[in-house]
Amino acid sequence: MNTVKIGDTFEKKSHDVIVKAIENGELGISESASKVFQKKGYYSRDREKAIIFDLSIEVWPTNAERYTLLYLIECKSSNSKKVPVDDIEEFYSKIIQVSGVNVKGVLISDNSFQEGVVTFAKNRGIMLIEVSKIGEHNIILHRTNRGIDDIKDKDIDSIFEKFIKRTFGPQKIEGLQKLSSDQIENKANILHSEYSRSRKPIVIDEFIEFVTQKYGLKIDLKCDLETINGKKILGYYSVKENTIFLDQSLLLTNQTAFVLGHELGHFFLHKELTVNQEMYNDFEDSEYNFFADKHILKNDKNWIEWQANRFAISLFLPSDLFLYHLCDYRQSIGISRYFHIYLDNQRINQDDYRKTVDHLAYLFGISKTVVRYKIDELKIITHAESKNDIGSHIRRFLLE
């Protein structure tokens, strides 16, 4: 297939995907408010004639006499070389000649971009999109609104950005295994046994030294991590740097173990995944279903985060070790049915439960929330409220 035909095929594919997404309502506006064109011309005063663009999307408000927003899209297909900076400079020179309307530029390629292209796009507000041979994509850079002059366009820009991600974005993360709870616990148990053959509770400082020496993993405990969308990042694992970063606010708190275990879960379970941060962040978080009493895993991000959480709990609270210490402690304080917890409104039962949770949290160096979760998971507790009582679910969820 010659170069022109390859380009036409890629362009047609891009056009069809965009049209279908708009028809399905993924643009966030009615189908009648947006129009997609292939090889349409837009007038240039400098040339005194129309400039033809590969694809374009016109946004028409209700009862408008003319579109008020225009996305001009250039499609670049290549089997061998990265998109050169000359291509984006030429594309930009065409964009600025289309006057009288708010114009946004989008450059789509089925190959990667030269570094200069990324720099130019950033400075000129052009969106870059990589579309892989298997139809996936990676948004390398997207436009951000920095000034108040763009305030009217902010909403539609946001809608279009979301549309592009959903339209071209991969719905699956390559290499992800849907591991079961038992499989994850087995992997965590192997690591715990390597650390301590006597199966003792993990001591954080000793464990960090063990992991860094055995696996060459770096762990930075003194970071001041960012706050994104009002949420403080407590830790993350960088595959590129082979380093786990933990926020310094975790030091000397009972949150350290779980956050460290979560990031170790990413290290042991997910470091070989093909995943882009931009796409990963665009996946929706899991939702808690009160009636099912669990988080619903709807996409690959949900699975990844659930697996990391499971690994953390299994690593720091191995079921056999947890049960042994729970029974040993409850027997030592004179509880006859030490192997099971009954929780109702009686003060004595509430005190026994609280003491048990406090003791295990201190012994394992982990938060009380995680201990409560483990007790529920092992089904060694009976709540007085009916299992179908939504109030019971809410109270237990809030405790977690």
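Look up: the structure comes first, before these words.
A short tour of the structure in this document, coming up. What you see is a predicted model; the values in this text were computed from it and never measured.

### Focus: the overall build of the protein chain
Then, number 1: A count of helical and extended segments in the protein chain gives 13 helices and 15 strands.
Then, number 2: Per-residue burial over the protein chain gives 44% buried out of 400 residues.
Then, number 3: Within the structure as shown, the protein chain displays about 22,200 Å² of accessible surface, and the carbon and sulfur contribution to it stands at 49%.

### Observations regarding the sheet that holds strand 11 (residues 243-247)
Then, number 1: What the three strands build is an open sheet, ordered 7-11-10; its pairing is mixed. Both outer strands of the open sheet, strand 7 (218-223) and strand 10 (235-238), are each paired with one neighbouring strand and no more. On average, each strand axis in the sheet is tilted by 20° relative to the strand beside it, whichever way the strands run.
Then, number 2: In the sheet, strand 7 pairs with strand 11 via four bridges, with the strands oriented parallel. Of the residues in strand 11, the one forming a bridge with I219 is I244.

### Remarks on the pairing of strand 10
Then, number 1: As paired strands, strand 10 and strand 11 are joined by four bridges and run antiparallel to one another. Each residue of the ladder has a partner; that of Y236, found in strand 11, is F245.
Then, number 2: Adjacent in sequence and paired antiparallel, strand 10 and strand 11 are bridged by four residues, among which N242 carries a positive phi angle near 50°.

### Quick look at the nonpolar core
Then, number 1: F207, L260, L264, L315 and I375 are the most contacted members of the largest nonpolar core, which totals 44 residues.
Then, number 2: The element contributing the most residues to this core is helix 7 (residues 256-270), with six residues.
Then, number 3: Beyond its immediate chain neighbours, meaning those up to four positions away, L260 contacts I204, F207, I208, I219, I244, L246 and F316.
Then, number 4: With 20 residues, the next largest nonpolar core counts Y42, V83, V98 and V103 among its residues.

### Overview of the packing of helix 5 (residues 181-195) against helix 6 (residues 204-215)
Then, number 1: Direction vectors running N to C along helix 5 and helix 6 enclose 100°, while the axes themselves pass 10 Å from each other. The pairing of helix 5 with helix 6 is recorded here as roughly perpendicular in orientation. The residues of helix 6 that touch helix 5, namely those facing L191, E194 and Y195, are E206, F207, F210, K214 and Y215.
Then, number 2: Considered class by class, the residues forming the contact of helix 5 with helix 6 number five nonpolar, no polar and three charged.

### Here's the deal with unusual backbone geometry
Trans peptide bonds make up the majority, and among non-glycine residues the majority have a negative phi.
Then, number 1: Unlike most non-glycine residues, E48 shows phi in positive territory, near 60°.
Then, number 2: Assignment of secondary structure puts E48 in the loop between strand 1 (34-44) and strand 2 (49-59).
Then, number 3: The class for E48 is exposed, based on a relative accessible area of 62%.
Then, number 4: Backbone geometry at K379 places phi at a positive 55°, although glycine is not the residue there.
Then, number 5: The exposure class of K379 is exposed, given its relative accessible area of 70%.

### Describing helix 11 (residues 347-364)
Then, number 1: Look at helix 11: 26 Å from first C-alpha to last across 18 residues, which is about the 26 Å you get at 1.5 Å a residue.
Then, number 2: Every buried residue of helix 11 is listed here: N349, D352, Y353, T356, V357, L360, A361 and F364. Along the long axis of helix 11, the arc covered by the buried residues comes to 155°, so they all point the same way. Opposite its buried face, helix 11 presents the exposed residues R347, I348 and Y362, each directed more than 90 degrees away.
Then, number 3: Elements in contact with the buried residues of helix 11: helix 9 (300-316), helix 10 (319-332), strand 14 (341-343), helix 12 (368-377) and strand 15 (381-383).
Then, number 4: Looking one or two residues beyond helix 11, the residue adopting positive phi is G365, at roughly 65°.

### Details of the side chain of H325
Then, number 1: Structurally, H325 is set in helix 10.
Then, number 2: Exposure remark for H325: the relative accessible area of 17% places this residue in the buried category.
Then, number 3: Those residues within four positions of H325 in sequence are excluded, and the remaining contacts are P201, L360, L363 and F364.

### Some points on the packing of aromatic side chains
Then, number 1: Within this structure, the stated rule accounts for 18 aromatic pairs.
Then, number 2: Look at Y92 and F120: their rings are 5.7 Å apart centre to centre, the planes differ by 80°, and that puts the pair in the edge-to-face class. With Y92 in helix 2 (residues 85-95) and F120 in helix 3 (residues 115-124), this residue pair connects regions lying 28 residues apart in the sequence.
Then, number 3: Judged by its relative accessible area of 17%, F120 is buried.
Then, number 4: An aromatic cluster of three or more residues is present, and its members are Y42, F53, W60, Y67 and F91.
Then, number 5: Geometry around Y67 places R66 over its ring, the cationic atom sitting 4.9 Å from the centre.

Cut-offs used in this document
- Per chain, residue numbering runs from 1 following the sequence as it is written.
- The predicted origin of the model limits local features to residues at a pLDDT of at least 70 and limits the giving and counting of side-chain atom pairs to 80 or more, whereas totals for whole chains, interfaces and linings rest on all residues.
- Side-chain calculation: all heavy atoms of the structure are included, whereas hydrogens and water are not.
- Here a strand is any run of E in DSSP of at least two residues, a helix any run of H or I of at least four, and the numbering for each starts at the N terminus.
- Any residue under 20% of the maximum accessible area for its type is buried, any over 50% is exposed, and the rest in between are partly exposed; the area is computed with a 1.4 Å probe on protein chains only.
- Surface accessibility in these figures is a Shrake-Rupley result with a 1.4 Å probe; residues are shielded only by whichever protein chains are displayed.
- Strands pair, by our definition, only if DSSP identifies at least two bridges between them.
- Axis definition: a line fit to C-alpha positions, over the contact stretch in the case of helices; interaxial angles, taken between N-to-C directions, run 0 to 180 degrees.
- Each nonpolar core is a collection of buried residues, namely Ala, Val, Leu, Ile, Met, Phe, Trp, Tyr and Cys, held together in the definition by side-chain atoms within 4.5 Å.
- By definition in these notes, contact holds between two residues if any of their heavy atoms fall within 4.5 Å.
- We call two directions roughly parallel when the angle between them is under 35 degrees, roughly antiparallel when it is over 145, roughly perpendicular when it lies between 65 and 115, and oblique otherwise.
- Residue classes follow a fixed rule: Ala, Val, Leu, Ile, Met, Phe, Trp, Tyr, Cys and Pro count as nonpolar, while Asp, Glu, Lys and Arg count as charged, and any other residue, Gly among them, counts as polar.
- Here a helix's expected span is defined as the number of its residues, less one, multiplied by 1.5 Å.
- Each C-beta atom gives one direction from the helix axis, and the arc is the one those directions make.
- Two rings from Phe, Tyr or Trp (for Trp, the six-membered ring) form a pair when their centres are within 6.5 Å of each other. A pair whose planes differ by under 30 degrees is stacked, one over 60 is edge-to-face, and the rest are tilted.
- The criterion for a charge sitting over a ring is simple: Lys NZ or Arg CZ within 6 Å of the ring centre, and within 35 degrees of the ring normal.

Keep in mind these numbers describe shape, not what the thing actually does.
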